[in-house]
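Here is what each chain is made of, one letter per residue.
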Amino acid sequence: MFSLLVLVSLTLAVVSAGSNISTNRKKLFLSTNWKCSIESPAEADQLVESINEAWAGMHSDLKENVEVSVHPPYMFLDRVRKGLDPSIAVGSQNIYDASFPNKGNTGATTPNMLSEFGCRWVLLGHSDRRNNLGETDDLIAAKAAAVLEKDDLGIVLTLGEKADQRERGETL
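Parameters at a glance
Residues numbered from 1 in each chain as written. Predicted model: local features only at pLDDT ≥ 70, side-chain atom pairs only at ≥ 80, totals over all residues. Heavy atoms only, no water. Helix = DSSP H or I, 4+ residues; strand = E, 2+ residues; numbered from the N terminus. Buried < 20%, exposed > 50% of the residue type's maximum accessible area, 1.4 Å probe, protein only. Contact = heavy atoms within 4.5 Å. Areas by Shrake-Rupley, 256 points an atom, 1.4 Å probe, with all protein chains shown as cover. Expected span 1.5 Å × (residues − 1). Arc of directions from axis to C-beta.

### What about the overall build of the protein chain?
When helices and strands are tallied, the protein chain shows eight helices and five strands. Shown N-terminal to C-terminal, the secondary structure of the protein chain runs as helices and strands in the order α-β-α-α-β-α-β-α-β-α-α-β-α. For the protein chain, the residues scored as buried account for 37% of the 172 residues in total. Here the analysis covers contacts within the protein chain between residues at least 6 apart in sequence; of these, 70% occur between residues at least 24 apart. Looking at the protein chain as shown, the accessible area adds up to about 10,100 Å², and 53% of this sits on carbon and sulfur atoms.

Rendered as structure tokens:
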């Protein structure tokens with residue numbers, strides 16, 4: 001949990017250290033994936049409080065020129081959304097397997113559910129899911145298409161390497 005906060009703080013500090021932020025520039029987008037590193041409500045609350053404190057201390061020019069999105073585990077989506085500064089977006093770590101013919105499978109989370117819940121982003125393509133669960137480019141594309149059917153959801157597409165590529169030194 002500490003390393004996530006350090007990463008967010010350092011990234012925001014680097015962004016804020018940049019010279020004058022022009023209002024003509026596009027916003028910088030910073031997304032954090034909490035994976036399953038938060039396992040209790042108390043840990044989620046502590047991280048939310050730390051993020052809120054760091055965000056409150058940021059200069060207003062920076063806040064206007066950066067969009068931050070956090071992606072907590074599903075169990076804490078609502079808790080984080082309710083506790084987090086409303087200018088920080090909350091996103092999902094995934095959606096249902098869009099290739100299944102019956103999208104109402106037990107345990108599935110749909111784009112409509114996420115939209116109604118107040119999520120603004122959906123994380124897709126993470127190397128954990130590619131490497132450990134066998135998600136393919138085709139499946140990720142189908143999930144992306146489902147997400148984009150909702151006007152109020154965006155996609156955070158991760159472009160990670162596969163484990164064997166990393167082991168062969170083919171990636172950064």
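What follows continues from the structure just given.
### A closer look at helix H2 (residues 41-56)
An ideal rise of 1.5 Å per residue puts 22 Å on 16 residues; H2 measures up with 22 Å between its terminal C-alpha atoms. Looking only at H2, the buried set comprises Ala44, Leu47, Val48, Ile51 and Trp55. Buried residues of H2, viewed axially, fall in a sector of 100 degrees; they line one side. Turned more than 90 degrees away from the buried face of H2 sit Ala42, Glu53 and Ala56, all of them exposed.

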